[in-house]
Structure formats: structure tokens, C-alpha cells
Protein chains: 2
Amino acid sequence: NPETKFILEKFGFDDPITKTSYKGEDVFITDTTDLALCPDDILDANVLGVVDHHKLGDLTTSTPLEGWIRPVGCSNTIVKEMFDYYGVEIPSNIAGIMLCAILSDTVIFKSPTCTKEDTKAVKELAKIAGIEDPKALGMEMFKIKSAIEGTPIRELVMRDFKDFDMSGTKVGIGQLEVVDLSLFDDKKDALLDDMKKLKEEGNRDFVLLLLTDIIKEGSELLAVGDDLSKIEKAFDTKIVHNRVWLDGVLSRKKQIVPFLERVFRES
Amino acid sequence: NPETKFILEKFGFDDPITKTSYKGEDVFITDTTDLALCPDDILDANVLGVVDHHKLGDLTTSTPLEGWIRPVGCSNTIVKEMFDYYGVEIPSNIAGIMLCAILSDTVIFKSPTCTKEDTKAVKELAKIAGIEDPKALGMEMFKIKSAIEGTPIRELVMRDFKDFDMSGTKVGIGQLEVVDLSLFDDKKDALLDDMKKLKEEGNRDFVLLLLTDIIKEGSELLAVGDDLSKIEKAFDTKIVHNRVWLDGVLSRKKQIVPFLERVFRES
């Protein structure tokens, strides 16, 4: 996506290669311990360790390993801790992309997932990378992320899309973070139409899309499903024309998923 | 057991209470991530973190957590790391029992599971606890552990006993660590008789007992089961009268379990 492209180019990295098979190889898994999010043959790999900031998933290993799991805003904050623990100097360009990852994951420190460890890591990484104003770099990044003009609708819906199984209910939730929600003014109908298709194609019960305004600090939720009263109940709100503004909501992980899980567990 | 009793008394601790239910409570899980080894209602507890030195098990959580997992010889080596990370001073008596745990788990540094992190932790904990010769304390501990006279046979077999499911084969493996194997000279027949009973009672396929001599640095394996050729194959050896000496074997986790798992996976 354009954000990743910007970061890689800024700090002089080539595009990473896409690798899907890891049988027999030594690997360190980052950003998840869910089998569903790992490569298909991960159980045949030699998992040396995991680095993650999500809840503990269903991955298991056949040998003892290193586990670096912290309830912080970004896995790169933990990677920074590992560099320090092992006394390894962080190269300037790597510090740069790590810093961008933390700024992105924490929505420039605004997300409720952001911790003081994240802000501290960015401060130290900025020094190493020679970035004088990390927040300004973050805004530059989010402006690039906001450039949605000309992008196919399906690509927008799928850009950051995750499927969840909530007590048997299949819920797909996408999120788009922009610097100004009005960018979507003439696109919401098309987005909703595509979400309806996605619901049928994937045999999902609900498809949700968060249009997050990082300046206003809130999200407009677009929702498609047979019984939207469930979604209304989760957020104690009223959905009109498949839309509702959720003030203060920036984090899918912390402010959306747990509330939906509770409603579907009870029903 | 006598070893734990000795350690608690030496450093002035009361016996810990046994608590089996944790519903709704904040907990830190130590020394395992296997659901089978956790309290029954652990999924209803609020798991703040895990500290472990085994392979990654099937525990999952519903919220992000701290995971401190390291391939070291003892979980207390990791607890020491956590004290240092958070800049918390370790009280002298707690340093004492932590040090004893590491000496026990690593068989006074002789086990192949022992790492340089473990020896370093013991060195630093000894300083805090005012223990001049940790190895001597370790030997004292293992001598107390070796005092098996008068202990019921079943209690000996079960003292450190774990059940494993190896590709459908049920294997129970106990271990007794002593300073002199001859302590068992007049007990092996009784131990084997009881292991046969244990095999039937628990519907197990095999019951094994490691009699580990920490001075000679090896273990006599007592084995009960319908087809002992499987066990012979795992260790490339010959079992005579249900017994065999395995030179250099001190660790069930590293030198016994993986070899059995391989044989039962293949059969």
C-alpha cells in the first residue's frame, strides 16, 4: 500500500519479498500467535520465538522458545526492547522504519492502545534515525495513507480487513484511517454496495468498515448485516442508513472487537 | 515434599496455600502454557501474563498480555530478569528461594537444560541472599531430596510424575533425583510393581520412572508397558528386567520426551 511504499523509499529499502512457506526453517513470528494468521506450514517450521502485542492465540510449538509479548501499541516497541536487551546497536535506517510502524499502529500516539513504552521507543528511535519531529513525519504518513482517489473500491475495503469468528458469528471488519473524513463523502454508497457483495461472497454474517478520522479522533462505522440491532446494542447507538459516528473510537482491537464479542457471546 | 519444606523453612516462609479456582481474578501464570496443567477455570480468569521456559502450549487469552518466555533452565531465571527490567529490588529471602529453584531445575548446573543465563542469575541471587556457596546449598538440597527411606512407594512414583499424550499413546513419566542410586537397590521391584498398577489404573500404555543419579550424571530407566521394544528403539538400547542405565541422561524434558515422541509419531 502507499504508506508502506513511502516508508520503504524514505529509508532506502527495497520491497520485501513475499514468502509463504517456512517448512524446516528457523523463524521468529511477529505480530500474532494465531495459527490462522500464520503461514500454512508454520507447524513444520522451527519457531525460535514470538514477538507480539495481541492476545495469546492458538499457536503451539514443539520446543522451548523465546516469547516477547507485551500489552503495548506496536510490536516494534518490543523489537526495540529486544535490541536493547541483547545490546545490539540499531542501524539508523532500521530505526526509521521501526519508528514509522509505531506511529502508524498508535495513530501518532492518539490510539487508546498507545502506552508510555511506545512514546519512549519513538523518542529513542527518532534520535537514532535523525528524525527531528516524529509527529510531523506521522502526519505526512497519514496524509499519504489518506490519498484514496483513484483506488478501486474493493481495494479500499480490503486494505486492512480482518475476519473474526465471534461465538459462531462470522464478522469481517475493515478499517481506513484518514486525516479528513470528507474524503469519503462521495464514496460511502459504493463502499456499502461492495460490503454487501463481500458479505455474500464470504458467507459472512456481518461486514463492518471503520472510516477513522485521526484529526477529529473518531470513526464513522459502515455496517452491513441481516440484524443490525446487534451492532447497535454493542455500541449503545442507533445506525441510520447503515452508518453511525462513533466519537473517540480509533482502535478496532480495543474499542470495537471486544464489544461485538460480548454481544455475540450473549446471543 | 521434603525439598520444598527445607527451602521454605531455611528462608522463613510459611507453606503456600493451595488454591484451585481463579475465576474473575487477575493472574500471572508461571511454568506452563498448557491448559491441562492450569487450574480448571483459568479461561475465566484475567491472565495478565505468562512466565515460562517450556514449549508454547494451547493456552489462549481474550486480552493482550505480558509474555516472558525464554529457553532457559528455570522459570525463576526469567523472574529474575523481570525484577531487573522493572527495577524492583529483590528481597533477600525471595532471592534465596528463587536461587534454590534454579539449582533444583538445573540439577546444580549439570542438566543440559542449563544456560549461562541460569548460572548468571544464581550468581546474582546468591549475592543478594548472602549465600556464599550456592553449589553446596544445592548438594544439601539434593541430599534431602534423596532421603526416600520410609516414604510410601506410590508417593515416590508420583512425586514428580507427568502424563503425556504422544500421537495417541498415553505415557506417564516420573522422575526421582538422588545423590546415590544405590538408595534404590532394595526398592526397584516394589517400584515396578506399583508402576504396573499405575498403568492399569490410568489406562496408560506405558509408565516410566527415571531414577537419576546426579553425581554419576545418568539415569536408570524403569519401564512398564506391553511393547517395550518401542522404548528400546527411542533410546537405541536394550531393556533387561524392565531396567536400563542411560548414561548422561538428566533431563526428562530434553533427553527423554522428544525421543519418545518421535518413535510414537512414526508408529
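Quantities reported herein were computed from a predicted structural model and do not represent experimental measurements.

Rules used throughout
- Residues numbered from 1 in each chain as written.
- Chains lettered and ligands numbered in written order.
- Predicted model: local features only at pLDDT ≥ 70, side-chain atom pairs only at ≥ 80, totals over all residues.
- Heavy atoms only, no water.
- Buried < 20%, exposed > 50% of the residue type's maximum accessible area, 1.4 Å probe, protein only.
- Helix = DSSP H or I, 4+ residues; strand = E, 2+ residues; numbered from the N terminus.
- Pairing = 2+ DSSP bridges.
- Expected span 1.5 Å × (residues − 1).
- Arc of directions from axis to C-beta.
- Contact = heavy atoms within 4.5 Å.
- Domains from an automatic or database assignment.
- Buried area = accessible area lost by both parts, 1.4 Å probe.
- Axes fitted to C-alpha atoms, helices over the stretch in contact; angles between N-to-C directions.
- Salt bridge = Lys/Arg side-chain N within 4 Å of Asp/Glu carboxyl O.
- Right-handed = clockwise from strand over helix to strand, strands pointing away.

Draft legend 1. Broad picture of the pairing of strand β2 (residues 46-52) of chain A. All names here are of chain A. For β2, a buried count of five out of seven residues is recorded, marking the element as mostly surrounded by other parts of the structure. Relative to β2, strand β1 (residues 26-30) is paired through five bridges, and the arrangement is parallel. Note that in β2 the partner of D26 across the bridge is N46. Across four bridges, β2 lies against strand β3 (residues 66-69) in parallel orientation. Residue pairing in the sheet places D52 in a bridge with I69 of β3.

Draft legend 2. Spotlight on helix α7 (residues 188-201) of chain B. Residue and element names in this part refer to chain B. Relative to the 20 Å expected for 14 residues at 1.5 Å per residue, α7 spans 20 Å between its end C-alpha atoms, a close match to the ideal helical length. Among the residues of α7, K188, L191, L192, D194, M195, L198 and K199 are the ones counted as buried. Buried residues of α7, viewed axially, fall in a sector of 165 degrees; they line one side. In α7, the exposed positions that point more than 90 degrees away from the buried face belong to D189, K197, E200 and E201. For α7, the elements touching its buried residues are α6 (153-158), β4 (161-166), β6 (206-213), β7 (218-225) and β8 (243-247). Phi for N203, located one or two positions after α7, is positive at around 55 degrees.

Draft legend 3. Structural context of unusual backbone geometry. All names here are of chain B. Phi angles above zero are rare outside glycine, and D236 is one such case at about 50 degrees. Along the chain, D236 turns up in the loop between α8 (229-235) and β8. For D236, a relative accessible area of 74% translates into the label exposed. For N242, which is not glycine, the phi dihedral falls at a positive 60 degrees. Along the chain, N242 turns up in the loop between α8 and β8.

Draft legend 4. Expanded view of the domain arrangement of chain A. Residues and elements named next belong to chain A. As assigned here, chain A comprises domain 1 (2-144) and domain 2 (153-266). Each side of the interface is counted separately: domain 1 has 15 residues, and domain 2 has 13 residues. A buried area of about 1,200 Å², summed over both sides, lies between domain 1 and domain 2, and 64% of it is on carbon and sulfur atoms. Taken as a group, K110, P112 and F142 account for 40% of the area that domain 1 buries against domain 2, more than any other trio of residues on that side.

Draft legend 5. Focus on the sheet that holds strand β6 (residues 206-213) of chain A. Residues and elements named next belong to chain A. With mixed pairing, the five strands of this open sheet are ordered in space as β4-β5-β6-β7-β8. Only two strands of the sheet have a single neighbouring strand rather than two, namely β4 (161-166) and β8 (243-247). Each strand axis lies, on average, 25 degrees off the axis of its neighbour in the sheet, ignoring direction. As judged from the eight bridges shared by β6 and strand β7 (residues 218-225), these two strands associate in the antiparallel manner.

Draft legend 6. Geometry of the pattern of salt bridges. For the coordinates displayed, the defined rule picks out 49 salt bridges over all chains. A salt bridge links E81 of chain B to R70 of chain B; the nearest nitrogen and oxygen atoms lie 3.1 Å apart. On the criterion of sequence distance, the pair formed by E81 of chain B in helix α2 (residues 75-85) and R70 of chain B in the loop between β3 (66-69) and α2 is long-range, its members being eleven residues apart. R70 of chain B carries the same exposure label as E81 of chain B, and that label is buried. For R243 of chain B, the salt bridge goes to D189 of chain B, with nearest N and O atoms at 2.7 Å. Of this pair, R243 of chain B sits in strand β8 while D189 of chain B sits in helix α7; the two residues are 54 residues apart in sequence, bridging distant segments of the chain. The exposed category is assigned to D189 of chain B, whose relative accessible area is 53%. Each member of the salt-bridge network shares a partner with another, and the members are K80, D84, K120 and E124 of chain A.

Draft legend 7. The arrangement of the pairing of strand β5 (residues 169-178) of chain A in detail. All names here are of chain A. Burial analysis of β5 places nine of its ten residues in the buried class, which makes it a mostly covered element. Relative to β5, β4 is paired through six bridges, and the arrangement is antiparallel. Note on β5: the bridge partner recorded for D165 is K170. In this structure, β5 lies alongside β6, joined through eight bridges in parallel fashion. Looking at β6, one finds that I173 is bridged to L208. After leaving β5, the chain enters helix α7 (residues 188-201) and then returns to the sheet as β6, a path that is right-handed.

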